[in-house]
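Summary of structural features
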Amino acid sequence: QVQRVDSGGGSVQAGDSLKLSCTASRRTFNTMGWFRQARGKDREFVAGFALGGRKFYYSDSVRGRFTISSDYTKNTVYLQMNNLKPEDTAVYYCAADSSFALEVPTTSSVYDYWGQGAQVTVSS
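As a starting point, this report considers the structure included with it. Fair warning: this is a prediction, and the values are worked out from it, not measured in the lab.

Cut-offs used in this document
- Residues numbered from 1 in each chain as written.
- Predicted model: local features only at pLDDT ≥ 70, side-chain atom pairs only at ≥ 80, totals over all residues.
- Heavy atoms only, no water.
- Helix = DSSP H or I, 4+ residues; strand = E, 2+ residues; numbered from the N terminus.
- Rg over C-alpha atoms; globule rule 2.2 N^0.38 Å.
- Buried < 20%, exposed > 50% of the residue type's maximum accessible area, 1.4 Å probe, protein only.
- Areas by Shrake-Rupley, 256 points an atom, 1.4 Å probe, with all protein chains shown as cover.
- Phe/Tyr/Trp six-rings, centres within 6.5 Å; stacked < 30°, edge-to-face > 60°.
- 1 Å grid on protein atoms, 1.4 Å probe; cavity = no way out; pocket = protein on both sides within 12 Å on 5 of 7 lines; lining within 4 Å.
- Points joined across faces, edges and corners; volume = space filled by probe spheres on them.
- Nonpolar A, V, L, I, M, F, W, Y, C, P; charged D, E, K, R; others polar.
- Core = buried A, V, L, I, M, F, W, Y, C linked by side-chain atoms within 4.5 Å.
- Contact = heavy atoms within 4.5 Å.
- Pairing = 2+ DSSP bridges.

**Re the overall build of the protein**
Per the secondary structure count, the protein includes zero helices and eleven strands. Ordered by position in the sequence, the α and β elements of the protein form the string β-β-β-β-β-β-β-β-β-β-β. Taking 14 Å as the expected radius of gyration for a compact globule of 124 residues, we find that the protein reaches 13 Å, a close match to that expectation. Dimensions of the protein, computed from C-alpha atoms along their principal axes, come out at roughly 40 × 25 × 25 Å. Expressed as a percentage of the 124 residues in the protein, the buried residues total 41%. On the protein, roughly 6400 Å² of surface is accessible, and the fraction owed to carbon and sulfur atoms is 45%.

Given below as structure tokens:
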């Protein structure tokens, strides 16, 4: 069983930065993403990469502010979040797709493994 741990969440002020991390206990993945779910809303795609196609993709709402990266030596994927806004407040989840995708999947149902989530709260 693959276990993913989300960490790095917290409460910050608008304009601040946070870095989320997600570590797989047993393997690395070529296709990974970050999603978020605000209270009362559906889970939405935030950022992801598909190393099969050497692709990175970001949602319009975070492009230019968030950066996804990975460290394979640590089986860890990161989400650097800069210039945070109150509308970024949500529970953030990392996700892994066991297939070798050429494009970044933006649909949550494609992903096979999920972290338990990390709360990010941004106040104005």
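Having seen the model, we can carry on.
**Remarks on the packing of aromatic side chains**
Summed over all chains, the structure comprises eight aromatic pairs. Ring plane angle 65 degrees and centroid distance 6.2 Å describe the contact between Tyr111 and Trp114, whose orientation is recorded as edge-to-face. On the basis of relative accessibility, which here comes to 4%, the residue Tyr111 falls in the buried class. Residue Trp114 is classed as partly exposed on the basis of its relative accessible area of 27%. Clustering of aromatic rings is evident, with ring pairs tying together Phe35, Phe45, Tyr57, Tyr93, Tyr111 and Trp114.

**Points about empty space enclosed by the protein**
This model, assessed by the stated rule, comprises one cavity of 30 Å³ or more. By volume, the largest cavity is sized at about 50 Å³. Across the lining of the largest cavity, the residue classes tally to four nonpolar, four polar and three charged.

**Considering the nonpolar core**
Formed by 26 residues in total, the largest nonpolar core has its most connected members in Trp34, Leu79, Met81 and Tyr92. Broken down by secondary-structure element, the contributors of at least two residues to this core are strand 3 (18-24), strand 4 (31-37), strand 5 (44-50), strand 7 (66-71), strand 8 (76-81), strand 9 (90-97) and strand 11 (118-123). Apart from the residues within four sequence positions on either side, Leu79 is in contact with Leu18, Lys19, Leu20, Trp34, Val46, Ala47, Phe66, Thr67, Ile68 and Tyr92.

**Observations regarding the environment of Ala95**
Turning to its location among the elements, Ala95 is positioned in strand 9. The buried category is assigned to Ala95, whose relative accessible area is 0%. Aside from chain neighbours lying at most four places away, what touches Ala95 is Thr31, Met32, Gly33, Phe35, Tyr111, Tyr113 and Trp114.

**Some details on the pairing of strand 3**
Across the seven residues of strand 3, five count as buried, placing the element largely inside the fold. Both strand 1 (residues 4-7) and strand 3 contribute to a ladder of four bridges, which runs antiparallel. Across the sheet, the residue bridging to Ser7 is Ser21, located in strand 3. Bridge analysis of strand 3 against strand 8 gives six bridges, and the strand direction is antiparallel. Its bridge partner lying in strand 8, Leu20 is registered against Leu79.

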